[in-house]
Amino acid sequence: MRSALLPALAAFASAARHQNFAHAAEELHLTASAVSHHVRKLEASLGVSLFQRHARGVVLTPEGRLLADAAGSALAEVEAVLDGLRQHRRDNGVRISILPSLGASWLMPRLRRFVEAHPTVRLSIDNDRSLVRFDEGGPDLGIRYGLGQWPGLTSRFLMDDSLQPLASPELAARVRTPEDVGTLPLLTDIAPEGWREWFRAANVRYPRGGTMHTISDSADGLNAAATGLGAVLARTRLATAHLTDGRLVRLPGPELPTRYAYYVVHSAHRPPTAAAMAFIAWVEREALEPRVT
């Protein structure tokens, strides 16, 4: 349905419920003539009469009754969802959108500390690669990886990152120099920076014709490398747990700073709640910690 007809549909639904344009106008803070205008606009668009108009008021036509039943049910469902969202914010809720890889490898191991420090805050974590909308029904906050500029969003720098080659201990035993890294099967993801940039920084010719597997999620790439599938060019922030427990080890060669970084973002038109600000302050402190303790 065209968005221009939504005010007309709301006016019609109210008029149908009251069977009276004046009462609908009072409910919607409009004039009776404005309600009548909206209803006529809807009737003209549909090509049917929705009300029979009498000197003492209006009565729904059969077509009007069909639309009133459908519109009333749909608007009631929307209102229930809106009430739930409002209640979520009233109940100290914070909804956070985060990349699955960063959520699994970096945020989740730390999250208990936030809950212990803020026991009244209710968290809702959305693991999503898509650029979700931060409108009234969307997340309160997001953590994104990029250059720090997104239309309609306010961004706060969180932390930078670097790329380093890692492999399972078994594969790493075959490697002595950066040139040797190119002889291994390589795992790549869909990030804007990858093996080509690393080999250039290592002053090594980029290997052509070798085995290259693409795994879109960085966390899955780390787990695949730990099984011995190949060497992974890992973001350091995501690989801490794998390095700490020895599932992956560093390979020879440079650690390459990334052009991209992590940012906390929120709507530029909807200021964060107190609970959201508490999460921002906490996650900024966590970004200064080198590892989970």
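Draft legend 1. Examining the overall build of the chain more closely. If you tally the helices and strands in the chain, you get 12 helices and 13 strands. A globule of 293 residues ought to have a C-alpha radius of gyration of about 19 Å, yet the chain, at 28 Å, is considerably larger. By principal-axis analysis of the C-alpha atoms, the chain measures approximately 95 × 45 × 30 Å. The proportion of buried residues among the 293 residues of the chain is 40%.

Draft legend 2. Examining the packing of helix α10 (residues 218-226) against helix α11 (residues 236-244) more closely. Following both chains from N to C, one finds α10 and α11 inclined at 30 degrees, their axes separated by 10 Å at the closest point. Here α10 lies roughly parallel to α11, going by the angle between them. Handedness of the α10/α11 crossing: right-handed. In contact with S218, L222, N223 and A226 of α10, α11 contributes L238, A239 and H242. Class assignment for the residues of the contact of α10 with α11 results in 4 nonpolar, 3 polar and no charged.

Draft legend 3. Structural view of the nonpolar core. L102, L158, L222, F279 and V283 are the most contacted members of the largest nonpolar core, which totals 35 residues. The dominant element in this core, judged by the number of residues it contributes, is helix α12 (residues 274-287), at 7 residues. Those residues in contact with F279 that sit more than four places away from it in its chain are I96, L107, L111, F114, L123 and L141. Counting residues in hydrophobic clusters, the runner-up holds 19 residues, among them A13, F21, A25 and A68.

Draft legend 4. Here's a closer look at the side chain of H242. For H242, the location among the structural elements is in helix α11. For H242, a relative accessible area of 5% corresponds to the buried category. A distance of 2.9 Å separates a polar atom in the side chain of H242 from a polar atom in the side chain of N223. Every residue in contact with H242, bar those within four places of it in the chain, is listed here: L222, N223, A226, R247 and L248.

Draft legend 5. Geometry of the environment of L238. Considering the arrangement of structural elements, one finds L238 in helix α11. The spatial distance from the C-alpha of L238 to the C-alpha of L222 is 8.5 Å, given a sequence separation of 16 residues. Once residues lying within four places of it in the same chain are set aside, the contact partners of L238 are S101, L102, S105, S218, L222 and Y262.

Draft legend 6. A look at the sheet that holds strand β13 (residues 261-267). Judged by pairing direction, the sheet is mixed, and its 5 strands sit side by side in the order β4-β3-β5-β13-β6 without closing on themselves. Each of the sheet's edge strands pairs with one partner strand only, and the pair in question is β4 (122-127) and β6 (153-159). Strand-to-strand, the axes of this sheet are offset by a mean angle of 25 degrees, without reference to chain direction. Here strand β5 (residues 141-146) runs beside β13; their pairing, made up of 5 bridges, is antiparallel. What sits directly across from Y145, in β13, is Y262. The sheet strands contacting α12 are β3 (93-98), β4, β5, β6 and β13, and the helix crosses β6 at an angle near 30 degrees.

Reading guide: rules and limits
Residues numbered from 1 in each chain as written. Predicted model: local features only at pLDDT ≥ 70, side-chain atom pairs only at ≥ 80, totals over all residues. Heavy atoms only, no water. Helix = DSSP H or I, 4+ residues; strand = E, 2+ residues; numbered from the N terminus. Rg over C-alpha atoms; globule rule 2.2 N^0.38 Å. Buried < 20%, exposed > 50% of the residue type's maximum accessible area, 1.4 Å probe, protein only. Axes fitted to C-alpha atoms, helices over the stretch in contact; angles between N-to-C directions. Parallel < 35°, antiparallel > 145°, perpendicular 65-115°, else oblique. Left-handed = near helix turned anticlockwise from the far one by under 90°. Contact = heavy atoms within 4.5 Å. Nonpolar A, V, L, I, M, F, W, Y, C, P; charged D, E, K, R; others polar. Core = buried A, V, L, I, M, F, W, Y, C linked by side-chain atoms within 4.5 Å. Polar contact = N/O pair within 3.5 Å; in protein donor to acceptor, adjacent residues only side chain to side chain. Pairing = 2+ DSSP bridges.

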